[in-house]
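Coordinate analysis (summary)
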Amino acid sequence: PENINAPVTLTRSPFCRLICALSGLSMNAGGRTWLAKAAELFDTMSTKVYQNSLSGTGPTSGNPYAFGFSTAYATTPQSKLPELLQLPLCKLFGRLILLMTEDVQNVGNGEAEERVYKETQAKTRLFEKLIPQAEAYAQERSLYVARQIRNGGPLKQGETRRDEMEA
């Protein structure tokens, strides 16, 4: 039986797609990406969680469990923020931000100031550039899929629909 109240889980495949949409967590266009290391961290930090198949992230093999991260506490009130930061998913993204700092150039400050500067640069890149970019991609992709559904499925190679020719 389906448990519609089970939290949505983030499993490896959607996580990797997310990292790709985040430009591989690269600190600059065309720079080094962190997909392989992010997937490795995901594998070492994930736990066995129940999947909510009604959310579109459910099991395909009949096994309701997968390795991933539960998003059960994603709507935790701000007053619970210290506890929220201890969640495995938040810890994973904290580690990913530290990876990104490896590609921030030193500016010649002391060691402590340098660390804070690099973390600030990585967080700024992630939250102000990469996440909005991934959100825009997700919206674009959603519209594309909706259009395919409305038009009867994907086009075959070389096929063009009338409405797309007129656009």
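Computed from a predicted structure; not experimentally measured.

Once that is clear, we can look at the packing of aromatic side chains. Taken as a whole, this structure holds two aromatic pairs when the rule is applied. Geometrically, the ring pair formed by Phe15 and Phe42 is stacked, given 4.8 Å between the ring centres and 25° between the ring planes. Here the residue Phe15 occupies a position in helix H1 (residues 12-21), and Phe42 occupies one in helix H2 (residues 35-45), the gap between them amounting to 27 residues. Residue Phe15 shares its accessibility class with Phe42, and that shared class is buried. Relative to Phe93, the ring of Phe15 has its centre 6.3 Å away and its plane inclined at 75°; by these criteria the two rings are edge-to-face. Residue Phe15 is found in helix H1, and its partner Phe93 is found in helix H4 (residues 88-101); the two are separated by 78 residues along the sequence. Overall, the relative accessible area of 0% leaves Phe15 in the buried class. Three or more aromatic residues joined by ring pairs make a cluster, and in this case those are Phe15, Phe42 and Phe93.

On to the confidence of the model for the protein. Within the protein, residue pLDDT values average 79, and 66% of them lie at 70 or more. Low pLDDT, under 50, characterises residues 53-61; the stretch is placed with 14 contacts to residues that sit more than four places away or in other chains.

Here Ser23, not a glycine, exhibits a phi torsion of approximately 55°, which is positive. You can see Ser23 is positioned in the loop between H1 and H2.

Basis of the calculations
- Here the residue numbers are simple positions, counted from 1 along each chain's written sequence.
- In view of the model being predicted, local features appear only for residues whose pLDDT reaches at least 70, and side-chain atom pairs are presented and counted only at 80 or more, with totals across whole chains, interfaces and linings using the full set of residues.
- Based on all heavy atoms of the structure, the side-chain values leave hydrogens and waters out of the count.
- Centres within 6.5 Å are what make two rings of Phe, Tyr or Trp a pair, Trp counting through its six-membered ring; a difference in plane orientation under 30 degrees is then read as stacked, over 60 as edge-to-face, and the rest as tilted.
- Secondary structure elements are defined from DSSP: runs of H or I of at least 4 residues count as helices, runs of E of at least 2 residues count as strands, and each element is numbered from the N terminus.
- Think of it in three bands: with a 1.4 Å probe and only protein chains considered, a residue is buried below 20% of the maximum accessible area for its type, exposed above 50%, and partly exposed in between.
- How sure the predictor is of each residue is captured by pLDDT, a score from 0 to 100.
- Residue contacts follow a heavy-atom distance rule, with two residues in contact if any of their heavy atoms lie within 4.5 Å.

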